[in-house]
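A structural walkthrough
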Amino acid sequence: MSFNVETEQKNSILCVRLHGELDHHSASALREKVDEALEAPGIEHMIFNAEALTFMDSSGIGVLLGRYKKIQARGGELVVCSVSPSVHRIFEMSGVYKVLRLTDGETHALRTLGEAV
């Protein structure tokens, strides 16, 4: 299966929607796309929507944590939402939830970051 990433800026929040399989082959494309989107003015927070993400390996976790550090350096927060059971298990085993906050859906994540939906 392929991998696709969609980004959308909603005021100060960058929404990143992941589709397909995030592995070592697609991690660099995700990193580049998100880092390019982060260059837009005014972005303080980020949401990773994993609703359509079917697989993730450790290289994907590395990309998430790297973007977390960039957002944290700006004083912002990175939130993950809509995680599938298989990806949820990977996040739990890797300890990602000790660093990143999980919400049920993108609308809820936007509200927790102060965006009126």
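This report concerns the structure included in the present document. Keep in mind the model is a prediction, meaning the values are calculated, not measured.

A few words now on the sheet that holds strand β2 (residues 13-22). The sheet built from five strands is open, its strands ordered β1-β2-β3-β4-β5 with mixed pairing. With partners counted over all chains shown, the strands left at the sheet margins are β1 (3-10) and β5 (101-103), one partner each. Going across the sheet, the axis of each strand differs from the next one's by a mean of 25°, ignoring polarity. For β2 and strand β3 (residues 45-56), the ladder comprises nine bridges, and the chain directions are parallel. The residue of β3 that forms the bridge with Cys-15 is Ile-47. This element, helix α2 (residues 58-73), spans β2, β3 and β4 (78-81) of the sheet and lies at about 175° to β3. The sheet strands contacting helix α3 (residues 85-94) are β3, β4 and β5, and the helix crosses β3 at an angle near 115°.

Attention now goes to the state of the cysteines. By the definition in use, this model includes zero disulfides. Not engaged in a disulfide, the cysteine Cys-15 finds its nearest cysteine sulfur in Cys-81; these two sulfurs lie 8.0 Å apart. Judged by its relative accessible area of 0%, Cys-15 is buried.

This part covers the pairing of β2. Across the 10 residues of β2, eight count as buried, placing the element largely inside the fold. Pairing between β1 and β2: eight bridges, direction antiparallel. Note on β2: the bridge partner recorded for Phe-3 is Gly-20. Counting the residues that bridge the hairpin from β1 to β2 gives two residues, and of these Asn-11 lies at a positive phi of roughly 55°.

Taking 1.5 Å per residue, 16 residues should reach 22 Å; α2 reaches 23 Å between its end C-alpha atoms and fits that length. Taken together, the buried positions of α2 are Gly-60, Ile-61, Val-63, Leu-64, Arg-67, Tyr-68 and Ile-71. All buried residues of α2 fall inside an arc of 155° around its axis, so they share one side. Projecting away from the buried face of α2 at angles above 90 degrees are the exposed residues Ser-58, Lys-69 and Ala-73. Of the surrounding elements, those touching the buried residues of α2 are β2, α1 (24-37), β3, β4 and α3.

The rules we used
Every chain is numbered independently, its residues counted from 1 as its sequence is written. Local features in a predicted model are, by the rule used here, given only for residues with pLDDT of at least 70; side-chain atom pairs are given and counted only at 80 or more, and totals for whole chains, interfaces and linings are based on all residues. Side-chain figures throughout are based on the complete set of non-hydrogen atoms in the structure, without hydrogens or water. Strands were regarded as paired on the criterion that DSSP finds at least two bridges between them. The helix and strand labels rest on DSSP assignments: H or I over at least four residues marks a helix, E over at least two residues marks a strand, and numbering proceeds from the N terminus. Where helices are involved, their axes are fitted lines through C-alpha atoms of the stretch in contact, as for all axes, and angles between N-to-C directions lie from 0 to 180°. Throughout, a contact is declared for two residues whenever any of their heavy atoms are within 4.5 Å. Cysteine sulfur atoms are paired as a disulfide whenever they come within 2.5 Å of each other. Only protein chains enter the accessibility calculation, which uses a 1.4 Å probe. A residue is then buried if its area is under 20% of the maximum for its type, exposed if over 50%, and partly exposed in between. Under the convention used throughout, the expected extent of a helix is 1.5 Å for every residue step, that is, one less than its residue count. Regarding the arc, it is the one traced by the directions from the helix axis to the C-beta atoms.

Scope: geometric values only; no functional claims are made or implied.
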